[in-house]
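# Chain and residue survey
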Amino acid sequence: MAKVLLGATGSVAAIRVPDLYAALRREGHEVRIIATDASTYFFDPAQIDPLPGGARNPEVVTLDQDEWPGERWKRGDPVLHIELRRWADVLLVAPLDAGTLAKFALGLCDNCLSCVYRAWDRARPIVLAPAMNTLMWQHPATSRHQEQIAADMDEVHWIGPIEKRLACDDVGLGAMAEIPQIVSALADALAGGLIELPLWSGL
Ligand SMILES: Cc1cc2nc3c(=O)[nH]c(=O)nc-3n(C[C@H](O)[C@H](O)[C@H](O)COP(=O)(O)O)c2cc1C
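Below is a short write-up of the structure. (Residues numbered from 1 in each chain as written. Predicted model: local features only at pLDDT ≥ 70, side-chain atom pairs only at ≥ 80, totals over all residues.)

## As for the overall build of the protein chain
Helix and strand counts for the protein chain come out as eight helices and eight strands. For the protein chain, whose C-alpha radius of gyration is 16 Å, the value lies close to the compact-globule estimate of 17 Å for 203 residues. Along the longest, intermediate and shortest principal axes, the C-alpha atoms of the protein chain span 50 × 35 × 30 Å. Counting all 203 residues of the protein chain, 36% fall into the buried class. Of all intrachain contacts in the protein chain linking residues separated by at least 6 positions in sequence, the fraction that spans at least 24 positions is 76%. (Helix = DSSP H or I, 4+ residues; strand = E, 2+ residues; numbered from the N terminus. Rg over C-alpha atoms; globule rule 2.2 N^0.38 Å. Buried ≥ 20, exposed ≤ 12 C-beta atoms within 10 Å, placed from the backbone. Contact = placed C-beta atoms within 7 Å.)

## Here's the deal with the site of the ligand
Contacts to the ligand come from 16 residues, most closely from Gly10, Ser11, Thr36, Asp97 and Ala98. Looking at the shell around the ligand, the element that brings in the most residues is helix H4 (residues 98–106), giving three residues. (Near = placed C-beta within 6 Å.)

## A few points about the nonpolar core
Within the largest apolar cluster, 49 residues are counted, with the highest numbers of intra-cluster contacts made by Leu6, Ile33, Leu91, Ala94, Val116, Leu128 and Ala129. With sequence-adjacent residues up to four places away left out, valine 116 is seen in contact with Leu5, Ile34, His81, Leu84, Arg85 and Leu91. (Core = buried A, V, L, I, M, F, W, Y, C linked by C-beta atoms within 7 Å.)

## Concerning the sheet that holds strand E4 (residues 90–96)
Strand order in the open sheet formed by six strands is E3-E2-E1-E4-E5-E6, and the pairing between neighbours is parallel. Both edges of this open sheet fall to strand E3 (61–62) and strand E6 (156–158), since each of them pairs with a single strand only. Inspection of the sheet shows E4 paired to strand E5 (residues 126–130) by four bridges, in the parallel sense. Among the inter-strand pairings, leucine 92 is bridged to a residue of E5, identified as valine 127. Sheet strands touched by helix H8 (residues 179–190): strand E1 (3–8), E4, E5 and E6. Its angle to E4, the strand with the most contacts, is close to 155°. (Pairing = 2+ DSSP bridges. Axes fitted to C-alpha atoms, helices over the stretch in contact; angles between N-to-C directions.)

## Focus on the environment of lysine 164
Tracing the backbone through its elements, the reader meets lysine 164 in strand E7 (residues 162–165). For lysine 164, a count of 14 C-beta atoms within 10 Å translates into the label partly exposed.

## Considerations on H4
Because each turn of an α-helix spans 3.6 residues, side chains separated by three or four positions in sequence point in the same direction. Those residues of H4 not exposed but buried are Ala98, Thr100, Leu101, Lys103 and Phe104. Taken together, the buried residues of H4 touch E4, helix H5 (112–118), E5, helix H6 (134–138) and helix H7 (140–152). Positioned one or two residues after H4, glycine 107 has a phi angle of 80°, which is positive.

## Some points on the packing of H4 against H7
One can describe the packing of H4 onto H7 by two numbers: an axis separation of 8 Å at closest approach and a directional angle of 45°. In this view, H4 runs oblique relative to H7, as classed from their interaxial angle. The hand of the H4/H7 crossing is left-handed. Contacts between H4 and H7 pair Leu101, Ala102, Phe104 and Ala105 from the former with Ala141, His145, Gln148 and Ile149 from the latter. (Parallel < 35°, antiparallel > 145°, perpendicular 65-115°, else oblique. Left-handed = near helix turned anticlockwise from the far one by under 90°.)

## What to know about unusual backbone geometry
Residue proline 95 is reached from alanine 94 by a cis peptide bond, and omega for that bond is 0°. Inspection of the secondary structure puts proline 95 in strand E4. Its identity as a non-glycine residue notwithstanding, aspartate 49 has a phi of 40°, on the positive side. Its place among the elements puts aspartate 49 in the loop between strand E2 (30–35) and E3. With 16 C-beta atoms packed within 10 Å, aspartate 49 lands in the partly exposed category.

## Quick word on the pairing of E2
Note that E1 and E2 share six bridges and pair parallel. Residue pairing for E2: alanine 8 is matched across the bridge by alanine 35. Taken together, E1, helix H1 (residues 17–26) and E2 constitute a β-α-β crossover, and its handedness is right-handed. (Right-handed = clockwise from strand over helix to strand, strands pointing away.)

## Focus on the pairing of E5
When you tally the buried positions in E5, you get five out of five residues, the bulk of the element. Burial of the side chains of E5 extends over both faces: Ile126, Leu128 and Pro130 are buried on one face and Val127 and Ala129 on the other. Pairing of E5 with E6, which is carried by three bridges, proceeds in the parallel orientation. Its bridge partner being in E6, isoleucine 126 is matched across the sheet by valine 156.

Worth remembering: the numbers are spatial, not functional.
This is the structure:
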């Protein structure tokens, strides 16, 4: 069983983050979530293992506001994205939206999740489950960014999107993979197996 850092980004597929968290916990994993601001448009962080009284548990769901709590940082205070990186055995980003995909590829780090990625120990696995509109997926930037990430990181596993009617009512490739597929791909990645999915499944 592993310590899974689950990154959630601002795809509509983030509505499934609470179910994905529950599925990973059922497998016996310890799970901490880093949610981008945009992802919280799609799920309520206080729904997931809340504190007594119902408030969000920052030990379960980290938000950017936790990195920047408001009081001036003092020597000895933790650097949260580094603490999270140290804690985790594996980084799973599901859903991975186009914006964060681009940030990862370019090395931009302007929120907690992208800082964790940039500070990642490259010997540890990263599992990425993109989710976006079909035309976003087919944009040339997608394959460019995937290739850059594959070149930068030692162990990246892709869980390709699937085809279905998307939330925007377009039909096509771009939906996040189903939860059981993500759970089993994570298990394969932890076991050191290679996930045979094409980097780029555009036209
Ligand atoms: C209703 C709605 C649905 C969205 N769905 C997606 C999506 O599925 N995939 C995607 O790449 N971007 C999607 N976006 C755009 C992202 O939320 C936007 O690019 C955001 O800045 C991403 O921020 P983040 O990567 O920091 O989470 C959606 C935006 C809205 C308002």
